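# Observations on the three-dimensional arrangement
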Amino acid sequence: MENAVEIKDVSMRFNLAKERVDNIKEWVVRKLKGKGVSFDEFWALKDISLTIPKGDSFALIGSNGSGKSTLLKIISGVLTPTYGTVTLNGSLAPLIELGAGFDMDLSGRENVFLNGAILGHSKKMMEEKYDEIMDFSELKDFEDVPVKNYSSGMMARLGFSIATLVKPDILIVDEILSVGDHSFQEKCSKRMEEMMSGGTTVILVSHDESMVKKICRHAAWINKGHLMFVGDSEVAVEHYLSSIG
Amino acid sequence: MNWILKNNLFKYKWLLEELVIRDLKIKYRRSVLGYLWSVLNPLLMMLVLTVVFSTVFRFDIPNYPVYLLTGQLLFNFYSESTTMAMDSILNGAALIKKVYLPKYIFPLSRVLSTFTTLLFSLLALFIVMVVTSTSFHITLILLPVVFIYMLIFSLGVSLILAVSVVYFRDIKHLYGVFLSALNFLTPIFYPTSILPEWLKSWMIFNPLYDYIEFLRDILLYGKWPTWEENLLCIACSLGFLAVGMWVFEKHQKNFILYI
C-alpha cells in the first residue's frame, strides 16, 4: 500500500533564548556589555521515522511538551525540520485552530471565502459548496454577523465545516473536537468516519485516550522528542498510560 | 525564488485577492462614504496644505494644488504601504503558525491594497486638475509606468521591513520617525529651489524624489523624462525589490521561531 506520509530521520532543534531579545535597544546594550545573546539548544524531536499508510487513522499521543505538535507542524509544512525529510502524497488540510484563520471583523460569509482561499480551494468551488458549509455548521442565521460576535463553539463549527468540506487526502486534527456541544461532536465524529472510509488519512493529536481508541487504528507514542512506540492504538495508549501510571 | 513565484503565485492568486479585498473592506467598514474617502481624504488634505502654504509660507510655485497633490499621493502611498506591510507578518502570526502559506503573500497583499487606494486617490488628482484648469499633456500616458516603479519600490522596501520587524520590534517606532524625516526631506510641499546646494546634489539618492519629479514632469510640465531618469527609477525599484526578495527568502523559515 502506498504511504500518505513518510517521515524520515526527522530532528528538530530549537534555540531557546535565555532572555528574549526582540528589539534593537536591548541588542545594542547586550553587544556593548559584550554579552551577546546566548542560546540553549533544545531538541524537540530526535530521529523520528514514521510512515503512515493511505487511508489510515493515526494518532500522536504523549504528555505535554513531548513534541507532538511540533511533529504535526513539520508534517503540515509550517516548520522546517533541522534534519530529515517529510514526504507527503496528496493534498493536506489542516484544521485551523479556533479562529486562527478567521478575521474577526469580517462576517461569517466573508470568512468562509477567506478560509477557503487559505486552504487553497478555488473560488468557484467555495461558491458551489457555500450552502453546504452553512447547513453543516448550522450557522445560516448568522452568516452576516461579524465573527467577533460568534461564540467559540460557533467558530469551531464553522472552522470544522470548512476544513472537512472538501475531501482532502490528509486531514490534520489538533485537539479541536473537544469544542462544540454534544450533538455537534457527534456530527463531527460521523463526518470523520465518512472521510476515513472514503480513503482520507487522518492524523490526530489528542490527550483524550478514549477518543484515540475510538477513532484511530494506529498511534505513535512520543516522549520527550523520542519515538517510543508505533502500532495499534490500544497498545500505544496502554504503554503511554502505564508510563505515566 | 523563481520557482516559488511560478508554483505558488498562481495557486494562491485567489487568496491574494481575498486578502486585498479584506483590507479594503475593513478600512472602509461602517463608513457611509466608503471608498469615497480615498478620494476625499487627499482632497481635503490638499485644501488644508494649499491654504497654509500659499498664504503663510508663500512658496512661489505655479499651480500649487497639483504640485502638492502629486507629491502627496506618492508619498502617502509609500508611507502607508510600507507601514502596513511591516506589521503584516506579525499580524498573520496565527495563520503562519498553523497553515503552510507562502509568506510573501502577507506583505504583498498589504502593498496591493494600498495601491488600490492610490488608484482611487488618482481621481482626486484629476478633479483638482480639471478645477484648476491644468492642461492634460500627452506625457500622461506614462502615468502607469511611474506607478509601477513606485509599486515595485514600495514592495521591495516592505519586504525588508517585514523581515526586520520580526527580529526587532522597535523598528516600528524608529520607522515612524524616519518617515516624518523623509516627509520633510522630500520636496512635497516646498519647491526644490529652496534647498541648499549641497543638499540638492544628494537629492537623487532619495528615490521618492526621483519618482515624484518623474510624476510632476509628465503631469504638470508635459516633459518626457529622459532615459537617464527612467533608468535611475528602474534601477532603484528593481534594486530594492531584489534586496527585499533576497532578505525575505533567506529569513522566512525563521519567522515561526520569532512570532
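All of the points below concern the structure found in this document. (Residues numbered from 1 in each chain as written. Chains lettered and ligands numbered in written order. Predicted model: local features only at pLDDT ≥ 70, side-chain atom pairs only at ≥ 80, totals over all residues. Heavy atoms only, no water.)

### Overview of the overall build of chain A
Short version of the rule: Every helix listed is a DSSP run of H or I at least four residues long, and every strand listed is a run of E at least two residues long, numbered separately from the N terminus. In what follows, a contact means two residues having at least one pair of non-hydrogen atoms within 4.5 Å. To be clear on the numbers: accessible area is Shrake-Rupley with a 1.4 Å probe, and residue cover counts the displayed protein chains and nothing else. This count recognises Lys and Arg as positive and Asp and Glu as negative, with His and chain-terminal groups excluded. Lysine's charge is taken at NZ, arginine's at CZ, aspartate's at CG and glutamate's at CD.
Helix and strand counts for chain A come out as 8 helices and 9 strands. C-alpha extents for chain A along the principal axes are approximately 60 × 50 × 35 Å. Here the contacts in chain A between residues at least 6 apart in sequence split such that 72% fall between residues at least 24 apart. Only carbon and sulfur atoms are counted for the fraction: they give 49% of the accessible area of chain A, which is about 11600 Å². Between the averaged position of the 28 positive side-chain charges in chain A and that of its 35 negative side-chain charges there is a distance of 7 Å.

### A closer look at the pairing of strand S6 (residues 170–174) of chain A
Residues and elements named next belong to chain A. Put simply, the rule reads: Note on exposure labels: buried denotes an accessible area under 20% of the residue type's maximum, exposed denotes more than 50%, and partly exposed covers the range between, all computed with a 1.4 Å probe on protein chains only. A pair of strands is labelled paired if DSSP reports no fewer than 2 bridges between them.
Counting buried residues in S6 gives 5 out of 5 residues, a clear majority hidden from the surface. Along S6, one buried face is formed by Ile170, Ile172 and Asp174 and the opposite face, lined by Leu171 and Val173, is buried too. Alignment of S6 against strand S7 (residues 201–205), held across 5 bridges, turns out to be parallel. Looking at S7, one finds that valine 173 is bridged to leucine 204.

### Some words on helix H10 (residues 207–221) of chain B
All names here are of chain B. Rules: Expected helix span is computed as 1.5 Å times (number of residues minus one). Between N or O atoms, a polar contact is any pair within 3.5 Å; within protein, one atom must be a potential hydrogen donor and the other a potential acceptor, and residues adjacent in sequence are included only when both atoms are from side chains.
Taking 1.5 Å as the rise per residue, H10 with 15 residues should run 21 Å; its terminal C-alpha atoms sit 20 Å apart, in good agreement. The residue sitting at the N-terminus of H10 and contributing the capping side-chain oxygen is asparagine 206; that oxygen lies 3.1 Å from the backbone nitrogen of leucine 208. Just downstream of H10 lies glycine 222, where phi reads positive at about 65°.

### Brief notes about the pattern of salt bridges
Residue and element names in this part refer to chain B. Put simply, the test is: Here, a salt bridge means any side-chain nitrogen of Lys or Arg that lies within 4 Å of a carboxyl oxygen of Asp or Glu.
Counted by the stated rule, this structure contains 16 salt bridges over all chains. Between lysine 200 and glutamate 197 there is a salt bridge, with the nearest N and O atoms lying 3.5 Å from each other. Taken together, the residues lysine 200 and glutamate 197, both in helix H9 (residues 197–202) and 3 residues apart, mark about one turn of the helix. What makes lysine 200 partly exposed here is its relative accessible area of 30%. The exposure class of glutamate 197 is exposed, given its relative accessible area of 58%. Put simply, aspartate 217 and lysine 223 hold a salt bridge, and the shortest N to O gap is 3.7 Å.

### Here we look at the nonpolar core
What counts here: Among the buried residues, those of types Ala, Val, Leu, Ile, Met, Phe, Trp, Tyr and Cys that are joined through side-chain atoms within 4.5 Å form a nonpolar core.
With 108 residues, the main nonpolar core has Leu158 of chain A together with Leu15, Tyr78, Ile89 and Phe147 of chain B as its most contacted residues. It is helix H7 (residues 143–167) of chain B that provides the largest number of residues to this core, a total of 16 residues. Leaving out residues up to four positions away in the same chain, tyrosine 78 of chain B has contacts with Met150, Phe153, Ser154, Val157, Tyr175, Leu179, Leu182 and Leu208 of chain B. Met12, Ile52, Val78 and Leu79 of chain A belong to the second largest nonpolar core, which has 26 residues in total.

### With respect to the interface of chain B and chain A
How big an interface is tends to be stated in terms of accessible area lost as the parts join. The test is simple: Accessible area, probed at 1.4 Å, shrinks when two parts are joined; the buried area is that loss added up over both.
On the side of chain A, 35 residues touch chain B, which itself brings 30 residues to the contact. Interface area for chain B against chain A, summed over the two sides, is near 2800 Å², with a carbon-plus-sulfur share of 65%. The largest per-residue losses of area from chain B upon contact with chain A belong to Trp14, Lys98 and Phe168 of chain B, which jointly make up 25% of the total buried on that side. Scanning the region where chain B abuts chain A turns up 2 salt bridges. For the salt bridge of arginine 22 of chain B with aspartate 103 of chain A, the shortest nitrogen-to-oxygen distance reads 3.1 Å. Listed by contribution, the elements that provide at least two residues to the side of chain B that touches chain A are helix H2 (13–28), helix H5 (93–98), helix H8 (171–185) and helix H12 (255–258) of chain B. When residues of the side of chain B that touches chain A are assigned to their parent elements, the largest contribution, 8 residues, is made by H2 of chain B.

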